[in-house]
Amino acid sequence: MRVLAIDVGAKRIGVALSDPTSTLASPWRMIPSLGSIQGDAAAIAALVEEAARDGDAVSTIVVGLPLRLDGSATDQTSRARAIAAALESVTGLPIVLQDERLTSREAESRLALREKDWRKRKQKIDAAAAAIVLQDYLDAQKRED
């Protein structure tokens, strides 16, 4: 079973998907935010269904939780929590909130090594950040086992 992760932004939502063994995370998609919790949850649920149709059933959804460096909430924290709750209701899948501090910065640094054009990097950064969030989650799961 695969694990899907999202990095919720005000304008875009990055989506990453694990391999079938839940060992390796890869950027998968970037979708525009529809501006509403229910709309965004429905769009993400449609991706879960698409993955299942392709034979890649999703067992868990990881939602990146934006926090400040000191651990306090940001303007986007409540939105991420609301989308997580809506996803749980819509999909029935387990939802995990995963700290996403500095993932966008790390994704930007990694992408800059391969892609010099910042316009092209901007199109990929949300999915790359979601992949970092997902890999952090997968690594933590392996340590717990």
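Structure first, text after, so check above.
Rules behind the numbers
Residues numbered from 1 in each chain as written. Predicted model: local features only at pLDDT ≥ 70, side-chain atom pairs only at ≥ 80, totals over all residues. Heavy atoms only, no water. Helix = DSSP H or I, 4+ residues; strand = E, 2+ residues; numbered from the N terminus. Buried < 20%, exposed > 50% of the residue type's maximum accessible area, 1.4 Å probe, protein only. Contact = heavy atoms within 4.5 Å. Core = buried A, V, L, I, M, F, W, Y, C linked by side-chain atoms within 4.5 Å. Axes fitted to C-alpha atoms, helices over the stretch in contact; angles between N-to-C directions. Parallel < 35°, antiparallel > 145°, perpendicular 65-115°, else oblique. Left-handed = near helix turned anticlockwise from the far one by under 90°. Nonpolar A, V, L, I, M, F, W, Y, C, P; charged D, E, K, R; others polar. Expected span 1.5 Å × (residues − 1). Pairing = 2+ DSSP bridges.

## Overview of the overall build of the protein chain
So, point 1. For the protein chain, the count of helices and strands is four helices and five strands.
So, point 2. Looking at the protein chain as a whole, 44% of its 145 residues are labelled buried.
So, point 3. Residue pairs in contact within the protein chain that sit at least 24 positions apart in sequence constitute 61% of those at least 6 positions apart.

## Describing the nonpolar core
So, point 1. Grouped together as the largest cluster of nonpolar side chains are 24 residues, with contacts concentrated most on Leu4, Ile6, Ile44, Val58, Ile61, Val63 and Leu87.
So, point 2. Other than its neighbours up to four places away in sequence, Val63 contacts Ile6, Val8, Ala80, Ala84, Leu87, Ile95, Val96, Leu97 and Gln98.
So, point 3. Grouped together as the second largest cluster of nonpolar side chains are 11 residues, Val62, Val133, Leu134 and Tyr137 included.

## A look at the packing of helix α1 (residues 37–53) against helix α2 (residues 77–91)
Any two packed helices are characterised by the angle at which their axes cross and by the distance between the axes.
So, point 1. Orientation of α1 relative to α2, taken along the N-to-C sense of each, is 55 degrees, at an axis distance of 9 Å. By the angle between their directions, the pair α1 and α2 is classed as oblique. Between α1 and α2 lies a crossing of right-handed hand. Here Ile37, Gln38, Asp40, Ala41, Ile44 and Ala45 of α1 lie close against α2, whose contacting residues are Arg79, Ala82, Ile83, Ala86, Leu87, Val90 and Thr91.
So, point 2. Here the contact of α1 with α2 is built from residues that sort into nine nonpolar, two polar and two charged.

## Some thoughts on α1
So, point 1. For α1, which comprises 17 residues, the first-to-last C-alpha distance of 24 Å matches the rise-based estimate of 24 Å (1.5 Å per residue) to within 8%.
So, point 2. In this structure, the buried side of α1 is in contact with β1 (2–8), β2 (12–18), β3 (25–32), β4 (58–65) and α2.
So, point 3. Gly55 sits one or two positions beyond α1 and adopts a positive phi of about 85 degrees.

## Some remarks on the side chain of Gln98
So, point 1. Within the secondary structure, Gln98 sits in strand β5 (residues 95–99).
So, point 2. Residue Gln98 is classed as buried on the basis of its relative accessible area, which comes to 17%.
So, point 3. What Gln98 contacts, discounting residues up to four positions off in sequence, is Val62, Val63, Gly64, Leu65, Val133, Asp136 and Tyr137.

## Thoughts on the pairing of β3
So, point 1. Inspection of the sheet shows β2 paired to β3 by seven bridges, in the antiparallel sense. Looking at the pairing, Ala16 lines up with Pro27 of β3.
So, point 2. The hairpin formed by β2 and β3 contains six residues between the paired strands, and Ser22 there has a positive phi angle of roughly 55 degrees.

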